[in-house]
Amino acid sequence: MESSFLKQQDHDVWAWIQKELYRQNEGIELIASENFVSPAVLEAVGSILTHKYAEGYPQKRYYGGCEYVDAIENLAIERAKRLFGAEHVNVQPHSGTQANLAVYTAVLKPGDKILTLSLENGGHLTHGHAKNLSGMLYQVFHYDIDPQTAAIDYESLEEIALRERPRLITIGASAYAKIIDFKRVGEIARASGAWMLADIAHIAGLVVAGLHPSPVPYADFVTTTTHKTLRGPRGGMIMCRASWAKAIDSSVFPGNQGGPLMHVIAGKAVCFGEALRPEFKIYQEQILKNARVLAEELQKYGLSIVGGMTENHLMLVDLRPTFPELSGREAARILEQAGITTNHNTVPRETRNPFQASGLRLGTPAVTTRGMGTSEMRSIALWIQKLLFSPNDNALQVSIRAEVQELCQKFPLKY
Ligand code: DSN
């Protein structure tokens, strides 16, 4: 999108944005956590609402002039409640990280025990990683992944929960391709006297569409980002039972954040409005179809998909069986040379350090937003296969890059 004001005033920033727009338009985006917002969401996020300070909550602000941003925040909350069936919603977290930390600080004291999935096994940095505040403040225990199925080992989760009696169990993932059994985790949490936090950042869109079980009936707290499968602006959100409303709200503000980003909250309201429409379900169904076909095709070419088949919007390719010498980092670099953007990722039972990793994480939300379908997934799988089997063939990278551009031009971004 061209902004003549920006172009005239600050040509450097404008020019970099144009280059980034070109990169997004002419490349295949397979990063599982990225997506493309609607022009309406983009307009809200780029609006004059960025000017407004609104510390506090609707009708309880510390600043004057909040009547219109109050209406916008209330709309976002009301739409989110309808979407997820949640009793209470806080739309102010600036990110998923802020949302998770706000839940932790609402229910935990430093030194309390938490039970989570580790980052290395598909969890998230905020699920107790040693270098994250969650790992520094709390005593962290991790449940495991079943090496055969790559599914969460619910028995290990239950055994550790009953033994350690954590104060909080966090369930949710950023690199996990199986359906999560939230009901079972809720039962374990209750049996062990723990609170339950479900982090659905990756699968929120699937949950809204009824294509993944919802944790809302079972979890005390549900956090999400709004920019992944949900296809909204960058940001976070917390849902909880009504009895936790006050504690969560004061943990977000003033506990963890100051002024909310009202332009982003407006973008969230627009995104939730879009997600309430019937076509959102069709979009989510296509994400799943595309992911399955992409995984099937890659398997057909001999690539190893962790856990055999994806059940959601993403998959992890374990490079070790097929390309023992190729790290995830190097594989991602090769694909990027041809205009296919992915990220390297650790795989269960990882043998490399996380900066190299042995896996590639691939997801279909962004390509599906562009309108690509299963036949395009077949082309993408073929290109990935060719590129990884000939990692030093620069001419091949150049020729596939041209094919990638040709495909992308048939599915232009709407900006
Ligand atoms: N949410 C992570 C991802 O999945 O990419 C980043 O924090």
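The structure under discussion appears in the preceding block.
This text gives an overview of the structure that appears in the document. (Residues numbered from 1 in each chain as written. Predicted model: local features only at pLDDT ≥ 70, side-chain atom pairs only at ≥ 80, totals over all residues. Heavy atoms only, no water.)

## A look at the packing of helix 4 (residues 67–84) against helix 11 (residues 262–275)
Relative placement of two packed helices is described by the angle separating their axes and the distance separating the axes. The geometry of helix 4 relative to helix 11 is characterised by a closest axis approach of 9 Å and an angle of 35° between their N-to-C directions. Viewed along their axes, helix 4 and helix 11 form a crossing whose handedness is left-handed. Each of Val 69, Ile 72, Glu 73, Ala 76, Arg 79, Ala 80 and Leu 83 in helix 4 lies in contact with helix 11, whose residues at this interface are Met 262, Ile 265, Ala 266, Ala 269, Val 270, Phe 272, Gly 273 and Ala 275. Here the contact of helix 4 with helix 11 is composed, by residue class, of twelve nonpolar, one polar and two charged. (Axes fitted to C-alpha atoms, helices over the stretch in contact; angles between N-to-C directions. Helix = DSSP H or I, 4+ residues; strand = E, 2+ residues; numbered from the N terminus. Left-handed = near helix turned anticlockwise from the far one by under 90°. Contact = heavy atoms within 4.5 Å. Nonpolar A, V, L, I, M, F, W, Y, C, P; charged D, E, K, R; others polar.)

## Some remarks on the pairing of strand 10 (residues 236–240)
Along a regular strand, successive side chains alternate from one face of the sheet to the other. Most of strand 10 is tucked away: five of the five residues are buried. Sheet analysis places strand 4 (residues 88–90) next to strand 10, joined by three bridges and oriented antiparallel. Opposite His 88, over in strand 10, you have Cys 240 as the bridge partner. Here strand 9 (residues 221–225) runs beside strand 10; their pairing, made up of five bridges, is antiparallel. Its bridge partner being in strand 10, Phe 221 is matched across the sheet by Cys 240. (Buried < 20%, exposed > 50% of the residue type's maximum accessible area, 1.4 Å probe, protein only. Pairing = 2+ DSSP bridges.)

## With respect to the sheet that holds strand 12 (residues 314–318)
Read from one edge to the other, the open sheet built from four strands follows the order 11-12-15-14, with strand pairing classed as antiparallel. Bordering the open sheet on either side are strand 11 (304–305) and strand 14 (343–345), each of which pairs with just one other strand. Direction of pairing for strand 14 relative to strand 15 (residues 359–363): antiparallel, over a ladder of three bridges. Residue pairing for strand 15: His 344 is matched across the bridge by Leu 360. This element, helix 12 (residues 278–300), spans strand 11, strand 12 and strand 15 of the sheet and lies at about 15° to strand 12.

## Quick look at the site of the ligand
Close to the ligand lie Ser 33, His 124, Ser 174, His 202, Lys 228 and Arg 361, which account for all nearby residues. Within the side chain of His 124, one N or O atom sits 2.8 Å away from an oxygen atom of the ligand. Contact distances for the ligand include 2.6 Å between an oxygen atom and a side-chain N or O atom of His 202. Split by residue class, the shell around the ligand holds no nonpolar, four polar and two charged. (Near = heavy atom within 4 Å. Polar contact = N/O pair within 3.5 Å; in protein donor to acceptor, adjacent residues only side chain to side chain.)

## Describing helix 13 (residues 328–337)
Since the α-helix packs 3.6 residues into each turn, any two residues three or four apart lie on the same face. All of the buried residues along helix 13 are Gly 328, Ala 331, Ala 332, Ile 334 and Leu 335. Down the axis, helix 13 shows its buried residues gathered within 160° of arc, on one side only. As for helix 13, its buried residues are in contact with strand 13 (340–341), strand 14, strand 15, helix 15 (374–389) and helix 16 (394–410). Backbone geometry just after helix 13 places Gly 339 at a positive phi near 85°. (Arc of directions from axis to C-beta.)

## Re the packing of helix 13 against helix 15
Here helix 13 crosses helix 15 at 120°, and the two axes come no closer than 10 Å. On the basis of the axis angle, helix 13 is oblique to helix 15. Classified by chirality, the crossing of helix 15 by helix 13 is right-handed. In contact with Ala 331, Ile 334 and Leu 335 of helix 13, helix 15 contributes Ile 384, Leu 387 and Leu 388. Class assignment for the residues of the contact of helix 13 with helix 15 results in six nonpolar, no polar and no charged. (Parallel < 35°, antiparallel > 145°, perpendicular 65-115°, else oblique.)

## Quick notes on a nonpolar patch on the surface
Residues Tyr 53, Tyr 62 and Tyr 63 make up a contiguous nonpolar surface patch of about 380 Å² in total accessible area. Tracing the chain through its elements places Tyr 63 in the loop between strand 3 (60–61) and helix 4. Note on Tyr 63: relative accessible area 34%, which makes it partly exposed. (Patch = residues over 30% accessible without salt bridge, like charges linked within 9 Å, V, L, I, M, F, W, Y side chains within 5 Å. Areas by Shrake-Rupley, 256 points an atom, 1.4 Å probe, with all protein chains shown as cover. Salt bridge = Lys/Arg side-chain N within 4 Å of Asp/Glu carboxyl O.)

## Details of helix 15
A rise of 1.5 Å per residue sets the reference length of helix 15, with its 16 residues, at 22 Å; its end C-alpha atoms lie 23 Å apart and thus fit the reference within 8%. All of the buried residues in helix 15 are Glu 376, Met 377, Ile 380, Ala 381, Trp 383, Ile 384, Gln 385, Leu 387 and Leu 388. (Expected span 1.5 Å × (residues − 1).)

## Quick notes on the nonpolar core
Counting 66 residues, the largest nonpolar core has Phe 84, Leu 157, Ile 169, Ile 171, Ile 200, Leu 230 and Phe 272 as its most contacted members. Among all residues touching Ile 169, those that are not within four sequence positions of it are Leu 115, Leu 157, Ala 161, Val 185, Ile 188, Ala 189, Ser 192, Ala 194, Trp 195, Met 196 and Leu 197. Among the nonpolar cores identified, the runner-up in size contains 37 residues, and Leu 319, Ile 380, Leu 396 and Phe 411 belong to it. (Core = buried A, V, L, I, M, F, W, Y, C linked by side-chain atoms within 4.5 Å.)

## As for the pairing of strand 5 (residues 113–117)
Counting buried residues in strand 5 gives four out of five residues, a clear majority hidden from the surface. As paired elements, strand 5 and strand 7 (residues 168–172) share two bridges and run parallel to each other. Bridge pairing links Leu 115 to Ile 169 in strand 7.

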